[in-house]
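A structural walkthrough
Listed below, chain by chain, are the residues.
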Amino acid sequence: MVSTKAAEASIIKGNNYRISILTDRLIRFEYSKKNIFVDEETAAVTNRKFPKAKFDVLDSEDKLVIVTDYLRVIYDKKEFTGEGLRINVSGNYGTTSSVWHYGDKNESLKGTTRTLDNIDGATELGEGIVSRQMWSVVDDSNSMLITKDGFKLRKDSEAIDLYFFGYGLDFLTALKDFYTLSGELPLLPRFTLGNWWSRYYKYTQKSYLDLMDRFDSEDIPFCVAVIDMDWHITDVEGRFGTGWTGYTWNKELFPSPKDFLSELHTRGYKVLLNVHPADGIRAYEDCYKDMGEFMGVDIKKEEPVLFDIADDKFREGYFKHVHHPLEKQGVDYWWIDWQQGENSGHKGLDPLWLLNYFHYKDSERRDEGRGLILSRYAGVGSHKYPIGFSGDTIITWDSLDFQPYFTATASNIGYAWWSHDIGGHMNGVRDDEMFVRWVQFGVFSPIMRLHSTCNEFSGKEPWKYNQIAERITKKYLRLRHRLIPYLYTMNKRANVDKLPLILPLYYYEPANDKVYNYKNEYYFGEDLIVCPVTRKIDAESGLAKTKIWLPEGEWFDIFTGVRYRGNRELEIYRNLEDIAVFAREGSILPLNANVSTNEISSPAEMDLFIFAGKDGEFTLAEDEKEFNTYVESDWAYTGYEILEGNAKRIFRINPVSGNKNAAREKRRYNLYFYGAGKESEFDILLDKKKIEPASIEYDETKNVLIIRLPEISSSSALEVEIDDKESPSHSSIQSRAFDILNKAQIEYDLKTAVMEVVRKYNSQNACELIGEIYCVCENEFVRGAIIELLSAK
């Protein structure tokens, strides 16, 4: 029998079961002995209204068959069993694992986990929605229902509610449909994408402001000031319990909180305070009287107001009498530090989920901008309430080595905005090299937040490390600030295009078995690939080795300018100064040219890194007001594009489109043409009239032509025509090889012998030279680094 009326509506309902065909690859299965089915939003699922999918139905007395272009569902119309419900996933996906039976173990490419508290190295992760098995299942049977006023529990606690993702290896579509189902990634406030300062430490009002002044004097930009628990009274009488929970400023440390917060705002910071809410509100708190009267407890007997985020009345008072008065003093947002497990005293209600949900919704009520919390992950759908606090990791190389994989893999369950304790949280040993590597990763992670425990020796101030580590970490912290224009555009892309900032390599090459081996390498936005260094350097060479995969095409290392051919595995070697960040040919990377202040608004001067080789474009996105939801009329767009000819390259800056109030009326640009020749000739046309550059220079070590432009209007069109005379790369390769050898702690005669081989680079076949290097150089790292350069392109 062909499609029934119910089937035409994409819902097939029978005795105790309901099947919803959401897309031709996403199907919802419900089974309830009470015939109670859920139409409300749940903690995990926000929307079930997809464009109508094409499918056929064959319905007989004892069998239901549903066929889409990708799936064949066979169901016996009884209680779900492995024998009675199965799905064949079709399509040429390069695998034969194409049948799912109800109850089969979900073996996805993993998702994320609640916390990294006390983790030293790796930990088990939950499941995601992409899998090399071609299918994955999200079980939504136990999540609470979201209502207009809050939440409620399911009427049938024994019901089954599953979502079957049968996307084969089309991971990108699976992820986008997951966001449509579960809810979009919210837009983050712009300030979140800069540097965050955080430390568990007993600061005073003066010492904290003095520290911020020190950062300013050192030209280290920060956007967020996080104050851990010692902002409030922690030394309490034993009859009240512990001092972990608190809402009353410690006036001995912070005598004038309002002035303190005002000073931080004057310096350009947003402020987050840490709260451990589990112990409720006790009699010594400033807010106790108002909250106690509101809740009807016996104030004379100092009866505590017990924490119960699931209680409507408590929740109303919790925000009205506890948090909102502190916000009126100047607190911007809250770091919710919940560590008391998943038992709320109400079956099926995770207190962490409720805290995240209601705190985020409460933060959205204000006029200052978008909602925001900092809190641990509370399950599927948590991406809707950013930002994630990953927890108190142990300070070891193993912990650092796990975090890039952990961060990228979280995108498999839509969780895009993890914030780690960069540098590690506690225990471990001091290792200046490890700190540098952690900061380098942090700069190329979703949120860059330095943090450490209350140990007096464990602060993450750069000047507390040796001079080399201090210099490098300062450079990278400034780079993070420079990246804000790029990151903010990627923030919009995540919200509108449903593409997280960070994605594992396999999203773009799912049929390539090799890419699954490179777990710590990831896409960072549109055209960048990041390869953090997570292992110690070799003492003799001063280099660390990382194995990577470069996709098809050509790629530039943005720090060295070296150009690499792709579609291959290779070993790369980096000293402490850099990690490998590759930009695809034809890509354009916009950076803020000014890092001398905490200012994070639309830049007055920008550096554009332009990577030659192919046509490409980048559209810078800026908004006038940070609305809670995306409003197209609020945004301004500046398009940059590069067009490649046989011997001519054209670069354009197009006039601003959209809301012009959101962009600078005038702006300076510094154009960095990677891969351009020193002898290149060019013309600059502003609104089709020739103008002269403010200055020109050439960086021979990176093969970069730098053209500094005069200030131009946002309504003007600028075009740079370059008659490209590409410089031979051998001089820069030889220069880099010399630098590697010069710094290596090996014999001088060996250095000379290796360098003699490198100097043949322009006149002899690279493969022959590599063979000679193998014969001459015994040190694996020096040899590998030289071979990397000789074989780059």
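Before any of the text, the structure's been laid out above.
Residues numbered from 1 in each chain as written. Predicted model: local features only at pLDDT ≥ 70, side-chain atom pairs only at ≥ 80, totals over all residues. Heavy atoms only, no water.

Here we take up the pattern of salt bridges. Within the structure shown, the criterion is met by 60 salt bridges. Its salt-bridge partner being Arg-199, residue Glu-461 comes within 3.7 Å of it at the nearest N-O pair. Note that Glu-461 is positioned in the loop between strand S21 (448–450) and helix H10 (467–482) and Arg-199 in the loop between strand S14 (195–197) and helix H3 (205–217), a separation of 262 residues in sequence. You'll find Glu-461 and Arg-199 in the same group, each marked buried. Between Glu-697 and Arg-708 there is a salt bridge, and its shortest N-O distance comes to 3.1 Å. On the criterion of sequence distance, the pair formed by Glu-697 in strand S39 (residues 695–699) and Arg-708 in strand S40 (residues 704–708) is long-range, its members being eleven residues apart. Linked by salt bridges that have partners in common, Arg-18, Arg-28, Glu-30, Asp-39, Asp-140, Arg-154 and Asp-161 make up one network. (Salt bridge = Lys/Arg side-chain N within 4 Å of Asp/Glu carboxyl O. Helix = DSSP H or I, 4+ residues; strand = E, 2+ residues; numbered from the N terminus. Buried < 20%, exposed > 50% of the residue type's maximum accessible area, 1.4 Å probe, protein only.)

Once that is clear, we can look at the pairing of strand S37 (residues 681–686). Remark: a regular strand shows side chains that alternate across the two faces of the sheet. A one-sided burial pattern is seen for S37, the buried positions being Phe-682, Ile-684 and Leu-686 and the unburied ones Glu-681, Asp-683 and Leu-685. Pairing between S37 and strand S42 (residues 718–723): six bridges, direction antiparallel. Directly across from Asp-683, in S42, lies its bridge partner Glu-721. In textbook terms, the turn of a hairpin is the stretch between consecutive antiparallel strands, and for S37 and strand S38 (residues 689–691) this stretch comprises two residues, one of which, Asp-687, has a positive phi near 50°. (Pairing = 2+ DSSP bridges.)

Among the nonpolar cores identified, the biggest contains 236 residues, and Phe-444, Phe-651 and Leu-671 are the most heavily contacted of them. Look past the residues within four positions of Phe-444 in its chain and what remains in contact with it is Tyr-476, Leu-479, Arg-480, Leu-483, Ile-502, Tyr-522, Phe-524, Val-530, Phe-559, Ile-579 and Val-581. Among the nonpolar cores identified, the runner-up in size contains 26 residues, and Ile-19, Tyr-75, Met-134 and Phe-164 belong to it. (Core = buried A, V, L, I, M, F, W, Y, C linked by side-chain atoms within 4.5 Å. Contact = heavy atoms within 4.5 Å.)

Take the sheet that holds strand S1 (residues 11–14) next. In spatial order, the strands read S1-S2-S3-S13-S10; together these five strands make up an open sheet with antiparallel pairing. Among the strands making up the open sheet, the edge pair consists of S1 and strand S10 (136–139). Strand-to-strand, the axes of this sheet are offset by a mean angle of 15°, without reference to chain direction. Pairing of S10 with strand S13 (residues 160–165) involves four bridges; the strand directions are antiparallel. Its bridge partner being in S13, Ser-136 is matched across the sheet by Phe-165. (Axes fitted to C-alpha atoms, helices over the stretch in contact; angles between N-to-C directions.)

Mapped onto the elements, Glu-470 comes out in helix H10. In contact with Glu-470, not counting residues within four places along its chain, are Glu-218, Pro-462, Trp-463 and Tyr-465.

An ideal rise of 1.5 Å per residue puts 16 Å on twelve residues; helix H9 (residues 432–443) measures up with 17 Å between its terminal C-alpha atoms. With twelve of its twelve residues buried, H9 lies for the most part within the structure. Burial in H9 covers these residues: Asp-432, Glu-433, Met-434, Phe-435, Val-436, Arg-437, Trp-438, Val-439, Gln-440, Phe-441, Gly-442 and Val-443. Residues of H9 that are buried in the fold lie against helix H8 (397–409), S21, H10, strand S23 (522–524), strand S25 (544–550) and strand S28 (568–574). At the N-terminal boundary of H9, the capping side chain belongs to Asp-431, with an oxygen 3.1 Å from the backbone nitrogen of Glu-433. (Expected span 1.5 Å × (residues − 1). Polar contact = N/O pair within 3.5 Å; in protein donor to acceptor, adjacent residues only side chain to side chain.)

Bringing the sheet that holds strand S6 (residues 64–67) into the picture now. Spatially, the five strands line up as an open sheet ordered S5-S6-S7-S8-S9, and their pairing is antiparallel. The sheet terminates laterally at strand S5 (56–59) and strand S9 (99–101), the two strands that pair on one side only. Along the sheet, successive strands turn relative to each other by an average axial angle of 10°, direction set aside. Bridge count for strand S8 (residues 85–89) against S9 is three bridges, and the pairing is antiparallel. Bridging across to S9, Ile-87 finds its partner in Trp-100.

Turning next to helix H6 (residues 312–329). For H6, built from 18 residues, the straight-helix expectation of 26 Å at 1.5 Å per residue is met to within 8% by its first-to-last C-alpha distance of 25 Å. His-323 marks where H6 bends most, by close to 40°; the proline Pro-325 follows one to four residues later. Among the residues of H6, those classed as buried are Phe-314, Arg-315, Gly-317, Tyr-318, Phe-319, His-321, Val-322, His-323, His-324, Leu-326 and Glu-327. Two residues or fewer after H6 comes Gly-330, characterised by a positive phi angle close to 135°. (Bend = angle between axes of the 7 residues up to and from the residue.)

Per the stated rule, a full pass over the model turns up 64 aromatic pairs. Ring plane angle 10° and centroid distance 5.1 Å describe the contact between Tyr-506 and Tyr-516, whose orientation is recorded as stacked. Here Tyr-516 lies in the loop between strand S22 (502–504) and S23 and Tyr-506 lies in the loop between S22 and S23, a separation of ten residues in the sequence. Judged by relative accessible area, Tyr-516 falls into the buried class, the value being 10%. One aromatic cluster is present, built from ring pairs that chain together Tyr-17, Phe-29, Tyr-31, Tyr-75, Phe-80, Trp-100, Tyr-102, Trp-135 and Phe-164. The ring centre of Tyr-488 lies 4.9 Å from the NZ or CZ of Arg-190, which sits over that ring. (Phe/Tyr/Trp six-rings, centres within 6.5 Å; stacked < 30°, edge-to-face > 60°. Lys NZ or Arg CZ within 6 Å of the ring centre and 35° of its normal.)

Moving on, we come to the environment of Arg-480. Considering the arrangement of structural elements, one finds Arg-480 in helix H10. The class of Arg-480 is buried, set by a relative accessible area of 0%. In the structure, Arg-480 is positioned 38 residues away from Gly-442 in sequence and 8.8 Å away in space, judged by C-alpha atoms. For Arg-480, the contacting residues outside a window of four places in its chain are Leu-193, Gly-194, Asn-195, Gly-442, Val-443, Phe-444, Ser-445, Pro-446, Ile-447, Met-448, Leu-487 and Phe-524. In terms of polar contacts, Arg-480 uses its side chain to reach the backbone carbonyl oxygen of Val-443, at 2.8 Å.

With their axes 9 Å apart at the nearest point, H9 and H10 run at an angle of 10° to one another. As judged from the angle between their axes, H9 and H10 are roughly parallel. Here Asp-432, Phe-435, Val-436, Val-439, Gln-440, Gly-442 and Val-443 of H9 lie close against H10, whose contacting residues are Ala-469, Ile-472, Thr-473, Tyr-476, Leu-477, Leu-479 and Arg-480. For the contact of H9 with H10, the class distribution of residues is nine nonpolar, three polar and two charged. (Parallel < 35°, antiparallel > 145°, perpendicular 65-115°, else oblique. Nonpolar A, V, L, I, M, F, W, Y, C, P; charged D, E, K, R; others polar.)

Looking now at the packing of H10 against helix H11 (residues 484–497). When two helices pack together, their arrangement is given by the angle between their axes and by how far apart the axes lie. Where H10 contacts H11, the axes come no closer than 5 Å and their chain directions differ by 50°. Taken together, the axis directions place H10 and H11 in an arrangement best described as oblique. Only Ile-484, Pro-485 and Leu-487 of H11 make contact with H10, whose side of the interface consists of Arg-480, His-481 and Arg-482. Residues of the contact of H10 with H11, tallied by class, amount to three nonpolar, one polar and two charged.

The amide bond that connects Pro-386 to the next residue, Ile-387, takes the cis arrangement and shows omega of 25°. Along the polypeptide, Ile-387 turns up in the loop between strand S18 (374–375) and strand S19 (388–389). Even without a glycine there, the phi angle at Asn-427 is positive, about 55°. Note on placement: Asn-427 falls in the loop between strand S20 (418–419) and H9. Taking the relative accessible area as the measure of exposure, Asn-427 reaches 54% and is therefore exposed.

Let's shift gears to a negative patch on the surface. There is a patch of like negative charges on the surface, built from Glu-540, Glu-747, Asp-749 and Glu-778. Position of Asp-749 relative to the elements: it lies in helix H13 (residues 748–758). Judged by relative accessible area, Asp-749 falls into the exposed class, the value being 67%. (Patch = residues over 30% accessible without salt bridge, like charges linked within 9 Å, V, L, I, M, F, W, Y side chains within 5 Å. Areas by Shrake-Rupley, 256 points an atom, 1.4 Å probe, with all protein chains shown as cover. Lys, Arg positive; Asp, Glu negative; His and termini not counted. Charge placed at Lys NZ, Arg CZ, Asp CG, Glu CD.)

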